[in-house]
Amino acid sequence: MRRILDAAWRLSRERGLTGWTLRDLGAEVGMRAPSLYEYAASKNALFDQMFADGYRRLGERIDGLQRPADPVELARAGARLFVGFAAEEPARFQLLFQFTAPGFAPSAESMALARRPLDELAGVLVAAGVDPAELDLWTAVLTGLASQQVSNDPGGDRWLRLTDTALDRLLLPAHP
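Below: a short report on this structure. No experiment lies behind these values; they were computed from the predicted model shown. (Residues numbered from 1 in each chain as written. Predicted model: local features only at pLDDT ≥ 70, side-chain atom pairs only at ≥ 80, totals over all residues. Heavy atoms only, no water.)

### Brief notes about the nonpolar core
Counting 55 residues, the largest nonpolar core has Trp20, Leu25, Leu46, Phe47, Met50, Leu95 and Trp138 as the members making the most contacts within it. Of all the elements in the fold, those that place two or more residues in this core are helix H1 (2-15), helix H2 (22-29), helix H4 (43-64), helix H5 (71-88), helix H6 (90-98), helix H7 (108-127), helix H8 (135-152) and helix H9 (163-171). Here this core gets 11 residues from one element, more than from any other, and that element is H5. (Core = buried A, V, L, I, M, F, W, Y, C linked by side-chain atoms within 4.5 Å. Buried < 20%, exposed > 50% of the residue type's maximum accessible area, 1.4 Å probe, protein only. Helix = DSSP H or I, 4+ residues; strand = E, 2+ residues; numbered from the N terminus.)

As structure tokens, then:
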């Protein structure tokens, strides 16, 4: 399955999420399209596996994060990790954070993987003294930075460099 997922990500990077078919994927991995149904019943089912794969990879990055003891510094480190992760793969960003594949909806199992980073962020923000009601603001700002990076400076760092500035603005009320 790893070979199929890697090929699906490669095709998505090259052609966009909706720019390839299961037949294209089969050719990429040396299989006939009907044989892929053993691994995924449809392209949306494959998108679900890709969605889960993307969030597993984010979870691995989170697990490997050096965790400062200070919750504010942990919030900063986590935000930098997230924006960098989100911006490094435009196709992954679109699938995980923009739902740009028509008709695709992640399964409950895949959404559980997606909840983990959000729940961890919520815990870190509370420890840093941020009002939990502001979680949506944080996610909007962080995904917005990643979206701008992906859209306007792919491979660069124009919006990545603004992560700390954005965090300073978001943390200002909690830490004057």
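### Description of the packing of aromatic side chains
Taken as a whole, this structure holds 8 aromatic pairs when the rule is applied. Geometrically, the ring pair formed by Phe93 and Phe97 is tilted, given 5.6 Å between the ring centres and 45 degrees between the ring planes. Note that Phe93 and Phe97 are positioned in helix H6 at a spacing of 4 residues, about one turn of the helix. We classify Phe93 as buried; its relative accessible area is 3%. Taken together, the aromatic side chains of Trp20, Phe47, Phe51, Tyr55, Phe82, Phe93, Phe97, Phe99 and Phe104 make up a single cluster linked through ring pairs. Note that Arg92 overlies the ring of Phe85, its terminal NZ or CZ placed 3.7 Å from the centroid. (Phe/Tyr/Trp six-rings, centres within 6.5 Å; stacked < 30°, edge-to-face > 60°. Lys NZ or Arg CZ within 6 Å of the ring centre and 35° of its normal.)

### Let's talk about the packing of H6 against H8
In contact at an axis separation of 11 Å, H6 and H8 are set at 145 degrees when each is read in the N-to-C sense. The interaxial crossing formed by H6 with H8 has left-handed handedness. Of the residues in H8, those in contact with Pro90, Phe93, Phe97 and Gln98 of H6 are Thr143, Ala146, Ser147 and Val150. Classifying every residue of the contact of H6 with H8 gives 5 nonpolar, 3 polar and no charged. (Axes fitted to C-alpha atoms, helices over the stretch in contact; angles between N-to-C directions. Left-handed = near helix turned anticlockwise from the far one by under 90°. Contact = heavy atoms within 4.5 Å. Nonpolar A, V, L, I, M, F, W, Y, C, P; charged D, E, K, R; others polar.)

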